[in-house]
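Examination of the molecular architecture
This is what each chain is made of:
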Amino acid sequence: MNPRLVIDDEGVGRIVFDDLERPHNILTREVLETLDQVVGEAEGAARNGALRALVVLSARPASFIAGADVNAIAAIEDRGAAIQAARDGQALYGRIAALPVPTLAAVRGICLGGGTELALSCDYRVADDGGHTRIGLPEVQLGILPGWGGTTRLPGLLGLSAALKVMLSGKPLRASRARRVGLVDRVLPTQQFEQRSLALARALARGESESLGGAGRSRRGRGLAAGPRGRRTLGSRLLDGTPPGRALVLRTARRQVLKRTGGHYPAPLKILEVVRKGWGRSVAERLELEARAVGELAVSSECKNLLFLFQLREAARKGPWAPSGRAADVGKLAVIGAGPMGGGIAQVAAYNNIRVRMKDIHHEAVAGGLAHARSIFDAAVGRRSLRRREAARRMRLISGGVDYAGVGRAEVVVEAVVERLPVKEAVLRDVEAVVAPDAVIASNTSSLSIDRMAAALERPGRFAGMHFFNPVHRMPLVEVVRGAKTSDDAVETLAALAVRLGKVPVITRDAPGFLVNRILGPCLNEAGHLLDEGWDGHAVDRAWKRFGMPMGPYRLIDEVGIDVAGHAGQTMTEAFGDRMAPAPALVALAGTERLGRKSGRGFYRYAKGREKSFDPSVYAEMQLSTARSRPDPAHVLDRLVLVMINEAARVLEERVVRSAADVDLGMVMGTGFAPFRGGLLKYADDRGVADVAASLAALSRTCGDRYAPVPLVEELARIGGTFHGTFPAAKSAARP
Ligand code: NAI
């Protein structure tokens, strides 16, 4: 039975969660039904005196409760059902909060969403200080809010400012941080965590709460009336403790949310609304506000799309490779080339506890690669997401040199040297000569052909592409590129490694630009055509951001590097001919000294790497007039997005990837395509492929043949089909 209740002779009861079928404890419908029974048993035992204190814990060391069942949330179709689901959860947790005995949540491992709300309904919370513990309310990232009492209970416990930070960011906290803000009362050492938690419960059963710092604390508290428990500064006490202070906190938070989200995400605004309207009201009223907000959010398109992406992402990370445990086999990685990419790859590997040998031809380059990795670790320490000692330990997993010493022992070698075919071929041959026959060799090329490189090798079956994005530690996507001769085993090893590095793998065929650059290329080029036509560049960037993109196309070109983008454009033109021919404005710019952000000047001006302002003098550099017209945003959006949809349709026609899900994951994870839209092809499906086809046809008449809808788009428009319906995500690692 999961969960189950066990009561010992001293009257200490344990509700133990232990899902044997899943990697984490999840609050599925069945689990909630069982919990309902178990709480009933606890109520009975408390009434007849058999239960004197209760501990909630998990039998699994790495997972307390990872939250509610996301599939169940995704399946909710109407508002009424969503409100009812929230009320049911609140009622169940309300019964735990109302138990007439002291209750303690002993949190070890992942504790998220409904798991955290369950812990909040207990009187006390303790957490294991082991590295696995993370406690948070990530609902906002899925477009909803903590609806099982979380939005109601958290502000009472943490104070307004800290509670908003936890709920609006959705980011889970480590145990020590959770203790600091008051989310947990004590942090216990990993060793004997359960025994110590039980000892505390025994003390509670005897009426002693001092060891939890709670002498005399109101038992009615449960995060509602007891007052904030965290260490708080005078400033935050003043802000949270007075009506004008709270109004200021809420106003500031709202402004920050709007700035960060462009108003595209309703969930954080709803969290603020529920907290604001509920302040000072009864618990029942606040819970009802919370439930009604869940009703509105759960059926919104934003929530549906975020859940859709979450499911795609989880499926890609599980893939057929995850259960095999193959990634666990990679104990040692080698990286050849210690530039920004090589150093970045070494850092994520070491961060994930994999030993790395980094090789370059110059000592200075090796030192540079190590310094790059160290700076990323230092930044993590600065953000307090990693302890200094732990960062130093992981950094020590990286060693470097100018010879092949140690490379031969690696199970996987990632080549990240300069982007020149003869150099790569020579390096790959050298690597093949020193590694074990079953080692996998991968190239991090962004534009060269995997099959061309494979031709230089004795064992092409053990070779593939592994395309990381820049900056490696931030970008969640890895394209695993399958060459014609690459074995399934090599693909799966690299995909599993990507998952172990915390990334989302998408498997692509060996075709120019692979997936993401192939689709993004025409969009950036189209931005060049818009300049040639006389539109205002800054206004185009703004329109694209308002559509929900992280940055406009010119800002993105600056980020990639004008030289790098130009080079990529050339490769694409060679591969695909006229329709990818670079816009004259971009060709003119490629010959100048403006290289984008790295040189301090591109379409924008930068100081110390930070964007300052759009630079109108860029027009003269492109030999264009500075007199610019303001574009119609709808026209700009269609120009930029439709050209990508048409290219994505080609990618599917040519089977570069196998599903629309792969395209959407690639574009969201690789370019930040507006997540609330669910991805590029989800946007196309929602807009209607018939409308996409008609708009493309209209643009092809005014802007040129590159807009002519490809046969797949025309066919889907004709039969009323969708991309996702026609190219569903496959269950197996079938070849693309
Ligand atoms: P980089 O050119 O800055 O660094 C390459 C490093 O390789 C240099 O330290 C160089 O000394 C070293 N190297 C050259 N020949 C070597 C050899 N024979 N043996 C060992 N090391 C050698 O390049 P970056 O930016 O780090 O990129 C590396 C690879 O990753 C390239 O193939 C690039 O196309 C690809 N890539 C780059 C991205 C980017 O945004 N920079 C994004 C994705 C892929």
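Residues numbered from 1 in each chain as written. Predicted model: local features only at pLDDT ≥ 70, side-chain atom pairs only at ≥ 80, totals over all residues. Heavy atoms only, no water.

**Here's the deal with the domain arrangement of the chain**
Considered domain by domain, the chain is made up of domain 1 (4-299), domain 2 (322-510) and domain 3 (517-726). Using C-alpha coordinates to define each centre, domain 1 is positioned 44 Å away from domain 3. (Domains from an automatic or database assignment.)

**A word on the pattern of salt bridges**
Overall, the coordinates contain 40 salt bridges when judged by the stated rule. With a shortest N-O distance of 2.8 Å, Asp19 and Arg22 are connected by a salt bridge. Among the salt bridges present, the one from Glu208 reaches Arg206, with a minimum N-O distance of 3.2 Å. Residue classification places Glu208 among the partly exposed residues on the basis of a relative accessible area of 34%. Exposure remark for Arg206: the relative accessible area of 52% places this residue in the exposed category. (Salt bridge = Lys/Arg side-chain N within 4 Å of Asp/Glu carboxyl O. Buried < 20%, exposed > 50% of the residue type's maximum accessible area, 1.4 Å probe, protein only.)

**So, the sheet that holds strand S6 (residues 110-112)**
Taken in spatial order, the four strands of this open sheet run S4-S6-S8-S9, and their pairing is mixed. For this open sheet the edge positions go to strand S4 (63-65) and strand S9 (173-174), each flanked by a neighbour on one side alone. Relative to S6, S4 is paired through two bridges, and the arrangement is parallel. Within S6, the position partnered with Ser63 by the bridge is Ile110. (Pairing = 2+ DSSP bridges. Helix = DSSP H or I, 4+ residues; strand = E, 2+ residues; numbered from the N terminus.)

**With respect to the environment of Ala729**
You can see Ala729 is positioned in the segment after helix H32 (723-726). You can call Ala729 partly exposed: its relative accessible area is 45%. With 706 residues separating them along the chain, Ala729 and Pro23 place their C-alpha atoms 22 Å apart. Residues within four places of Ala729 in sequence aside, it is in contact with Ser659 and Ala661. (Contact = heavy atoms within 4.5 Å.)

**Topic: the nonpolar core**
Nonpolar side chains tend toward joint burial in soluble globular proteins. Counting residues in each nonpolar core, the largest one holds 79 residues, and the members touching the most others are Phe603, Ile645, Val663, Phe673, Leu680 and Phe723. Of all the elements, helix H27 (residues 633-653) adds the most residues to this core, at 12 residues. Composition of this core by domain shows at least three residues from each of domain 2 (322-510) and domain 3 (517-726). Leu680 has contacts with Ile519, Val641, Met644, Ile645, Ala648, Val663, Asp664, Met667 and Phe673, leaving out every residue within four places of it along the chain. Counting residues in each nonpolar core, the second largest holds 75 residues, with Leu51, Cys111, Val166 and Ala253 among its members. (Core = buried A, V, L, I, M, F, W, Y, C linked by side-chain atoms within 4.5 Å.)

**Brief notes about the packing of aromatic side chains**
Counted under the stated rule, the structure contains nine aromatic pairs. Considering the side-chain rings of Phe547 and Phe673, the 6.2 Å spacing of their centres and the 80° angle between planes classify their relative orientation as edge-to-face. Here Phe547, found in the loop between helix H22 (537-546) and helix H23 (553-560), pairs with Phe673, found in the loop between helix H28 (660-671) and helix H29 (680-687); they are 126 residues apart in sequence, far enough to count as distant. You'll find Phe547 and Phe673 in the same group, each marked buried. Arranged with centres 5.3 Å apart and planes meeting at 85°, the rings of Phe547 and Tyr683 form a pair that is edge-to-face. A residue pair is termed long-range when its members are at least 10 positions apart, and Phe547 in the loop between H22 and H23 and Tyr683 in helix H29 qualify at 136 residues. Ring pairs connect the aromatic residues Trp544, Phe547, Phe673 and Tyr683, which therefore count as one cluster. Cation over ring: Arg394 sits above Tyr351, and NZ or CZ is 5.0 Å from the ring centre. Over the ring of Phe547 we find Arg677; its NZ or CZ atom is 3.9 Å from the centre of that ring. (Phe/Tyr/Trp six-rings, centres within 6.5 Å; stacked < 30°, edge-to-face > 60°. Lys NZ or Arg CZ within 6 Å of the ring centre and 35° of its normal.)

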